[in-house]
2 protein chains.
Amino acid sequence: MLGLAGAGALGAAAGGAVAMEVFDGALPAQANDPGAAVPFYGGHQAGIITPAQDRLHFVAFDVITDKKAELVELLQKWTAAAARMTQGRDAGAIGAVNGVPEAAPDDTGEALGLPPSGLTLTIGFGPTLFRTAEGKDRFGIADKRPAALADLPKFAKDALQPEISGGDICVQACAHDPQIAVHAVRNLARIGFGVVSVRWSQLGFGRTSSTSVTQQTARNLFGFKDGTANLKAEEPKLLDEQLWVAGGDGPDWMTGGSYMVTRKIRMLIETWDRTSLAEQEAIIGRNKGEGAALGSAKEFDEPNFDATGSDGAPAIARDAHVRLAHQQFNNGARLLRRGYNFVDGSDGLGRLNAGLFFIAYQRDPRKQFVAIQTRLSRQDALNEYIRHVSSGLFACPPGVSGADDYWGRALFV
Amino acid sequence: MLGLAGAGALGAAAGGAVAMEVFDGALPAQANDPGAAVPFYGGHQAGIITPAQDRLHFVAFDVITDKKAELVELLQKWTAAAARMTQGRDAGAIGAVNGVPEAAPDDTGEALGLPPSGLTLTIGFGPTLFRTAEGKDRFGIADKRPAALADLPKFAKDALQPEISGGDICVQACAHDPQIAVHAVRNLARIGFGVVSVRWSQLGFGRTSSTSVTQQTARNLFGFKDGTANLKAEEPKLLDEQLWVAGGDGPDWMTGGSYMVTRKIRMLIETWDRTSLAEQEAIIGRNKGEGAALGSAKEFDEPNFDATGSDGAPAIARDAHVRLAHQQFNNGARLLRRGYNFVDGSDGLGRLNAGLFFIAYQRDPRKQFVAIQTRLSRQDALNEYIRHVSSGLFACPPGVSGADDYWGRALFV
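Quick notes on the rules
Residues numbered from 1 in each chain as written. Chains lettered and ligands numbered in written order. Predicted model: local features only at pLDDT ≥ 70, side-chain atom pairs only at ≥ 80, totals over all residues. Heavy atoms only, no water. Helix = DSSP H or I, 4+ residues; strand = E, 2+ residues; numbered from the N terminus. Rg over C-alpha atoms; globule rule 2.2 N^0.38 Å. Buried < 20%, exposed > 50% of the residue type's maximum accessible area, 1.4 Å probe, protein only. Contact = heavy atoms within 4.5 Å. Areas by Shrake-Rupley, 256 points an atom, 1.4 Å probe, with all protein chains shown as cover. Lys, Arg positive; Asp, Glu negative; His and termini not counted. Charge placed at Lys NZ, Arg CZ, Asp CG, Glu CD. Pairing = 2+ DSSP bridges. Least-squares fit on C-alpha atoms with pLDDT ≥ 70 in both. UniProt positions renumbered as here; feature names shortened; annotations may be inferred. Axes fitted to C-alpha atoms, helices over the stretch in contact; angles between N-to-C directions. Parallel < 35°, antiparallel > 145°, perpendicular 65-115°, else oblique. Left-handed = near helix turned anticlockwise from the far one by under 90°. Nonpolar A, V, L, I, M, F, W, Y, C, P; charged D, E, K, R; others polar. Buried area = accessible area lost by both parts, 1.4 Å probe. Salt bridge = Lys/Arg side-chain N within 4 Å of Asp/Glu carboxyl O. Polar contact = N/O pair within 3.5 Å; in protein donor to acceptor, adjacent residues only side chain to side chain. Arc of directions from axis to C-beta. Core = buried A, V, L, I, M, F, W, Y, C linked by side-chain atoms within 4.5 Å. Expected span 1.5 Å × (residues − 1). Phe/Tyr/Trp six-rings, centres within 6.5 Å; stacked < 30°, edge-to-face > 60°.

Help me out: how do you make sense of the overall build of chain A in this one?
Along its length, chain A carries 12 helices and 10 strands. For chain A, the C-alpha radius of gyration of 21 Å lies close to 22 Å, the compact-globule estimate for 413 residues. When the backbone C-alpha atoms are referred to their principal axes, chain A occupies close to 80 × 50 × 45 Å. In chain A, buried positions account for 62% of the 413 residues. Sequence-distant contacts in chain A: of pairs separated by 6 or more residues, those separated by 24 or more amount to 76%. A total of about 14,500 Å² of accessible surface is found on chain A, and carbon and sulfur atoms cover 52% of it. Placing the 41 positive and 46 negative side-chain charges of chain A at their respective mean positions leaves the two points 3 Å apart.

Dropping the structure here:
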């Protein structure tokens, strides 16, 4: 099991075997050419430490069959289509299928002529896939549910909408071209007709987190740099400690995988925009221009939580977001975040419906996201300006090893 | 007045003076560098014949004041902010404003460090700005309402949602980076606090129309190339005939402007995706791969509506979209389209909420969009797969001539 306080040595040891399999194709391709393909096969799924692409289409499905064979067949079809689409090929033929001109096309066509654009497709399995809310073990996998996939608790101030929360299976599609991400999700939904149904779906137009030191930190819709302290692809020891599930952590089928938490966080930007710069910076605990922690000079300077201002008060307030979220106050827990800005039109009350679609990967949500969010939800000064309206929790299995493997095979065999 | 059949000579003559002012800064900048700035000042507003940028944030506002002076002051502030933002500068200071540290920032910050990204901001005035639905002439401009800004009729099969239709003022923000487009709209909304309220707002992730011969035709979510027959920036005579309002067309304040129609068109993509390729192509009247009209070889070959297949039936069916929409059957009427693909999550019925946000500019909607849509709404084979759920109509004034001018000045002085 993961012990986050002082777990460095343990993590490095336990994760040694996995570290050899770290998905190494992502960095050069992404860094040099946003149109390039990211390899699909590997020990870990792509789309986790892959340098965060610019655009997101996220989808959560309900499985509407009770037949395990139908679900497995879909996962096999999806995996084959994902292997094709991530390499810039169609999901299938756009024309006559197997010589049958009356058949509907096996690809919907809107990505024809476009490059792969760094597309990654990352699958996750929600708690309800293992046992429905009514307690039914539809697929005979209830005993394979990882302990780490424990339902998230209700956090203070949660304002979750069930219809855009949860889901049996999720797919995170990231790409540098949104048409490519949308095409991928749309074709997975098309292939899944009759077996799965779209529960909810979310577009993100701009990444807020960098997952590689090769990337600049981006800004969220509060106007602040976001994810400065994010886990990065170039920190393999930390990733083994904090991100990847190690052998012995739980069921074998998750070894090399990771747990994903999603939170749709509505930002009350109109209220925020009427707040002074000084107050905004005090709430976040960083300055807005450079992104440096208050009392520090540069973005990547380690925050000094003991520093005081001329008035003797802490330079970084006790309820500042950066303090409460920091590993120093969370038993060493860190996250690999892949968040995206969203605007979903307006809210009918004269305001933009805007915010952050937060995605975080981790080795054990109980010790990482849940621990951090418990503190944040109670104390964070930022809470006045945000509402958590959607929540998701998914177990993301390890990568697909080759053409004879498929998403989640070890869970179903 | 515009006579569309054989109006070439008239259009060219009437538009001669305007043609000299054609916004000429757009093409080189856009063609060479998607990060570059598009000039803001000019005889026409940018964002109409500017080569269609990749991303859209469209917003419609309700004016919530009855005081003309407040509205004019806002238009002046907006124009100044737009002139700054389109050139890659902040809307205003992010820090202390006029030395007052307690003031809220004059820029929200999320575009800091990003290039101009081809941002254009294009304003339009809706019928309700001239006279409210209750008949009130709030700003003393009712007699300046152009005849061409006649309320759109109800078309067959319209399924319009009033809460995402109409609006007193719209702003179309187009850019190659969605963060830039969102930042611009958000700051205009911020500046307008207390004077305007966001009525509705729409993001488009991918352009479907090219407005310049330098651009490739893009695909809509039916998977087909869209806008092959669009008006292009390189056709100044056609633009004078079909796009720009000429002196004598109506009130002087619109000379050099254009009329914008927006339609949010939900596509029933799941139904479409289960239709055979042959049927899809028959409905559109073009093939899917190349985008050629049926019976023709290449995308830009002029459709031959008289051609017949081996069975003697028309190669392009009588109810095919390309036939019904073509100028040959619409008294010569054409449109300059700037549509965008959208996905707004899911619809709660297991389907993606996806489609096309249609934007079209024209010299006189009565003879162009209304004439074409009247035919399409009654006969188009595509109607089985689409629903028009939102509609907007706006008069877009000519461009801003310089720093002492502002959006719509000639309407209000």
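Explanation requested: the pairing of strand β10 (residues 386–396) of chain B in the structure shown.
Regular strands place their side chains on alternate faces of the sheet. Residue and element names in this part refer to chain B. Burial analysis of β10 places 10 of its 11 residues in the buried class, the great majority of the element. Direction of pairing for strand β6 (residues 258–267) relative to β10: antiparallel, over a ladder of 10 bridges. By the bridge assignment for β10, I265 is matched with H388.

Can you walk me through the relation of the copies chain A and chain B in this structure?
Copy one and copy two of the chain differ by a rotation about an axis and a translation along that axis. Of the two same-sequence chains, chain A is brought onto chain B (RMSD 0.0 Å, axial shift 0.0 Å) by a rotation of 180°. The superposition of one copy onto the other is thereby described by a two-fold rotation axis. The rotation axis passes nearest to the C-alpha of D344 of chain A in chain A, at a distance of 3.4 Å. Comparing interface residues between copies, 100% of those in chain A also sit at the interface in chain B, which points to an isologous, same-surface contact.

What exactly am I supposed to notice about the pairing of strand β2 (residues 120–125) of chain A here?
Residue and element names in this part refer to chain A. Counting buried positions along β2 yields six of six residues, so the element is predominantly enclosed. Here β2 shows a buried face lined by T120, T122 and G124 and a second buried face lined by L121, I123 and F125. In the sheet, β2 pairs with strand β3 (residues 169–175) via six bridges, with the strands oriented antiparallel. For I123, the partnering residue across the bridge sits in β3 and is V171.

I'm lost on the UniProt feature "domain: Dyp-type peroxidase C-terminal" (unreviewed entry) in chain A in this one. Help?
UniProt tags residues 217–400 of chain A as "domain: Dyp-type peroxidase C-terminal" (unreviewed entry). As annotated, residues 217–400 of chain A comprises 18% helix and 22% strand, and the C-alpha atoms at either end are separated by 30 Å.

I tried to follow the packing of helix α4 (residues 68–85) of chain A against helix α6 (residues 178–191) of chain A on my own but got confused; where do I start?
In a pair of packed helices, the angle between the axes and the distance between the axes together describe the arrangement. Residues and elements named next belong to chain A. Where α4 contacts α6, the two axes come as close as 10 Å, and the packing angle between them is 155°. Taken as axis vectors, α4 and α6 run roughly antiparallel relative to one another. The two elements α4 and α6 cross, and the hand of that crossing is right-handed. Residue-level inspection shows L74, K77, W78, A81 and M85 of α4 in contact with α6, the latter providing H183, A184, N187, L188 and I191. Each residue belonging to the contact of α4 with α6 can be placed in one class, and the counts come to seven nonpolar, two polar and one charged.

What exactly am I supposed to notice about the interface of chain A and chain B here?
Size of an interface: often given as the accessible area lost when the parts come together. Contact with chain A, which involves 51 residues of that partner, is made by 51 residues of chain B. Across the chain A to chain B interface the summed buried area is about 4,000 Å²; carbon plus sulfur atoms make up 62%. It is R186, D273 and L352 of chain A that lose the most area in chain A upon contact with chain B, and together they represent 15% of the buried surface on that side. A salt bridge links R186 of chain A to D273 of chain B; the nearest nitrogen and oxygen atoms lie 2.7 Å apart. The tally of links from chain A across to chain B stands at 14 residue pairs in polar contact (both at pLDDT 80 or more). Going through the elements one at a time, β1 (55–63), α6, β4 (196–204), α8 (269–272), α9 (277–284) and β8 (340–346) of chain A are the ones with two or more residues in the side of chain A that touches chain B. With six residues, the top contributor of residues to the side of chain A that touches chain B is β4 of chain A. The residue makeup of the side of chain A that touches chain B, split by class, is 20 nonpolar, 18 polar and 13 charged.

Would you explain unusual backbone geometry in this entry?
Keep in mind that most residues, glycine aside, have a negative phi and that most peptide bonds are trans. Residues and elements named next belong to chain B. Despite not being glycine, S117 shows a phi value in the positive range, around 60°. With respect to the helices, strands and loops of the structure, S117 is situated in the loop between α4 (68–85) and β2 (120–125). Phi is positive for N331, which is not a glycine, with a value near 60°. Using a relative accessible area of 54% as the deciding quantity, one classes N331 as exposed.

Can you walk me through helix α11 (residues 369–379) of chain A in this structure?
What sets the pattern is the α-helix's 3.6 residues per turn: residues three or four places apart point alike. Residues and elements named next belong to chain A. Listing the buried residues of α11 in full gives F369, V370, I372, Q373, L376 and S377. Buried residues of α11, viewed axially, fall in a sector of 160°; they line one side. Elements in contact with the buried residues of α11: β6 (258–267), α10 (321–324), β9 (352–362) and β10 (386–396).

Help me understand the nonpolar core in this model?
The nonpolar side chains of a soluble globular protein tend to be buried, and buried together. Grouped together as the largest cluster of nonpolar side chains are 164 residues, with contacts concentrated most on W78, L129 and F412 of chain A together with W78, L129 and F412 of chain B. Aside from chain neighbours lying at most four places away, what touches F412 of chain A is K68, L71, V72, L75, L129, F139, I141, K144 and Y406 of chain A.

Teacher, can you tell me more about α4 of chain B here?
Across its 18 residues, α4 of chain B extends 25 Å between first and last C-alpha, which sits within 8% of the 26 Å expected from 1.5 Å per residue. Taken as a whole, α4 of chain B has its buried residues at L71, V72, L74, L75, W78, T79, A81, A82, A83 and M85 of chain B.

Before we go on, may I ask you to explain the pattern of salt bridges in this structure?
Between side chains of opposite charge, pairing is possible as soon as their charged atoms come close. Counted under the stated rule, the structure contains 36 salt bridges over all chains. The closest approach of N and O atoms between D151 of chain B and R145 of chain B, which form a salt bridge, is 3.2 Å. According to the relative accessible area criterion, D151 of chain B is exposed, its value standing at 55%. Looking at R145 of chain B, the relative accessible area reads 28%, which means it is partly exposed. Linked by salt bridges that have partners in common, E110 and R186 of chain A together with D273 of chain B make up one network.

Even after reading the chapter, I still don't get the environment of Q379 of chain A, so can you show me in this structure?
All names here are of chain A. For Q379, the position within the fold is in helix α11. Residues Q379 and L324 lie 55 residues apart in sequence; the distance between their C-alpha atoms is 7.8 Å. Once residues lying within four places of it in the same chain are set aside, the contact partners of Q379 are D319 and L324.

Is there a simple way to think about the packing of aromatic side chains in this case?
Centre distance and the angle of the planes are the two values used to describe a pair of aromatic rings. Residue and element names in this part refer to chain B. Across all of its chains, the model carries 32 aromatic pairs over all chains by this definition. With centroids separated by 6.0 Å and ring planes inclined at 65°, the aromatic side chains of W200 and F357 adopt a geometry described as edge-to-face. Separated by 157 residues along the polypeptide, W200 in strand β4 (residues 196–204) and F357 in strand β9 (residues 352–362) bring together distant segments of the chain. No difference in accessibility class separates W200 from F357, as the two residues are buried. On the basis of an interplanar angle of 45° and a centroid distance of 5.8 Å, the ring pair of F358 and F369 is categorised as tilted.

Any chance you could explain the environment of Q242 of chain A here in plain terms?
When you line up the elements, Q242 of chain A lands in helix α7 (residues 236–242). On the basis of relative accessible area, Q242 of chain A is assigned to the buried category, the value being 1%.

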